[in-house]
Amino acid sequence: NNKTTTTGSTSIDPAPASGSSCKAGGTGLNSTIKLGAGAETTFTIFAVDEFGNAIKEGDYDWTVVLTTIDAETGKTYVCNDCATVKKVGGRRRLQAGQLAYTVTYKTTRAGEVRVAVFLKGKAISGSPFNKTVVPADIDVSKTTASGPGIKYMIANQVMTFYIEARDTYKNL
């Protein structure tokens, strides 16, 4: 049940989860671990009330928004449906039955990503989280070559051309 026993027979019910008190962690939020474009990653949200008490049951609707600043163009892209949130149940519950949610997301744009997590419109503690997404492996079908050295060559002269290597998602 959702009760926290303090002393003897006295028990206190935690308050509802508070967006600004809830916390999140995991590789999907760790700023020191770079994510490859197109790779899936996860993190966990922990439901906590405004007094720091762990919530042990209930259903909460979380909103996760990914904002990417494209590494090549500097343009900002917002994705409201790039993440899925699932309640962690059964034996996988953490911290003595604390209610937790696993978030899975991926982005195909290389650049700086802000992962914002909200509960009822309030950002959780630490949100937004910053993550770096690097290009995936080079895809030869997306790679191009250009320049005069591609079109013609002159004997005994250095000719130049340029190769623009891109990944599957057309990131440089």
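Residues numbered from 1 in each chain as written. Predicted model: local features only at pLDDT ≥ 70, side-chain atom pairs only at ≥ 80, totals over all residues. Heavy atoms only, no water.

Chemist: For the state of the cysteines, give the residues involved together with the corresponding values.
Modeler: Working definition of a disulfide: a covalent bond connecting the sulfur atoms of two cysteines. For the structure on display, the rule yields one disulfide. Linked covalently through their sulfurs, Cys 79 and Cys 82 form a disulfide whose S-S length is 1.8 Å. Handedness here is read from the sign of the S-S torsion; for Cys 79 and Cys 82, about 95°, the answer is right-handed. Since its relative accessible area comes to 27%, Cys 82 is described here as partly exposed. (Disulfide = S-S within 2.5 Å. Buried < 20%, exposed > 50% of the residue type's maximum accessible area, 1.4 Å probe, protein only.)

Chemist: Requested: an account of the side chain of Ser 21, with residues and values cited.
Modeler: Mapped onto the fold, Ser 21 is located in the loop between β2 (10-12) and β3 (23-25). At a separation of 3.5 Å, a polar atom in the side chain of Ser 21 contacts the main-chain carbonyl oxygen of Asp 49. For Ser 21, the residues in contact, after removing those within four places along its chain, are Val 48, Asp 49 and Glu 50. (Helix = DSSP H or I, 4+ residues; strand = E, 2+ residues; numbered from the N terminus. Polar contact = N/O pair within 3.5 Å; in protein donor to acceptor, adjacent residues only side chain to side chain. Contact = heavy atoms within 4.5 Å.)

Chemist: Explain the packing of aromatic side chains to me, and be specific about the residues and the numbers.
Modeler: Within this structure, the stated rule accounts for three aromatic pairs. Measuring from ring centre to ring centre gives 6.2 Å for Phe 43 and Tyr 105, while their planes differ by 65°; the resulting arrangement is edge-to-face. Remark: Tyr 105 occurs in strand β9 (residues 100-105) and Phe 43 occurs in strand β5 (residues 41-46); sequence separation between them is 62 residues. In this structure, Phe 43 and Tyr 105 share a single accessibility class: buried. Both rings, one in Tyr 60 and one in Trp 62, keep their centres 6.5 Å apart while their planes meet at 55°; by these two values the pair is tilted. Since its relative accessible area comes to 15%, Tyr 60 is described here as buried. Three or more aromatic residues link up through ring pairs in this structure, and these residues are Tyr 60, Trp 62 and Tyr 101. Between Arg 109 and the ring centre of Tyr 77, over which it is positioned, the NZ or CZ distance is 3.4 Å. (Phe/Tyr/Trp six-rings, centres within 6.5 Å; stacked < 30°, edge-to-face > 60°. Lys NZ or Arg CZ within 6 Å of the ring centre and 35° of its normal.)

Chemist: Describe a nonpolar patch on the surface, and please don't skip the residues or the numbers.
Modeler: Together, Ile 150, Phe 161 and Ile 163 make up a nonpolar patch on the protein surface, roughly 310 Å² of accessible area in all. Here Ile 163 is to be found in strand β14 (residues 162-164). (Patch = residues over 30% accessible without salt bridge, like charges linked within 9 Å, V, L, I, M, F, W, Y side chains within 5 Å. Areas by Shrake-Rupley, 256 points an atom, 1.4 Å probe, with all protein chains shown as cover. Salt bridge = Lys/Arg side-chain N within 4 Å of Asp/Glu carboxyl O.)

Chemist: Talk me through the nonpolar core; I want residue IDs and the actual numbers.
Modeler: Counting residues in each nonpolar core, the largest one holds 25 residues, and the members touching the most others are Phe 43, Tyr 60, Trp 62, Val 115 and Val 117. Counting only elements with at least two residues in this core, the list comes to β5, β6 (62-70), β9, β10 (111-119) and β12 (129-134). Examining the composition of this core, we find that four residues originate from one element, β10, more than from any other. For Tyr 60, the residues in contact, after removing those within four places along its chain, are Pro 16, Ala 17, Ile 55, Leu 99, Tyr 101 and Leu 119. (Core = buried A, V, L, I, M, F, W, Y, C linked by side-chain atoms within 4.5 Å.)

Chemist: Let's hear about the pairing of β10: which residues, and what values?
Modeler: Two faces belong to every sheet, and in a regular strand the side chains alternate between them. Looking at chain direction, β6 and β10 are connected through nine bridges and run antiparallel. Paired with Trp 62 across the bridge in β10 is Leu 119. Relative to β12, β10 runs antiparallel, the two being bridged by five bridges. In the strand pairing of β12, Arg 114 is matched with Asn 130. Pairing of β10 with strand β11 (residues 122-123), which is carried by two bridges, proceeds in the antiparallel orientation. Counted as the bridge partner of Phe 118 is Ala 123 from β11. Counting the residues between successive antiparallel strands, the hairpin from β10 to β11 contains two residues, one of them, Lys 120, with a positive phi of roughly 50°. (Pairing = 2+ DSSP bridges.)

Chemist: Before we move on, could you go through the pairing of β5 and cite the residues and values that matter?
Modeler: Counting buried residues in β5 gives five out of six residues, a clear majority hidden from the surface. Relative to β5, β3 is paired through three bridges, and the arrangement is antiparallel. Paired with Ala 24 across the bridge in β5 is Ile 45. Where β5 meets β9, six bridges bridge the pair, whose relative direction is antiparallel. Within β9, the position partnered with Phe 43 by the bridge is Val 103.

These values are about where atoms sit, not about what they do.
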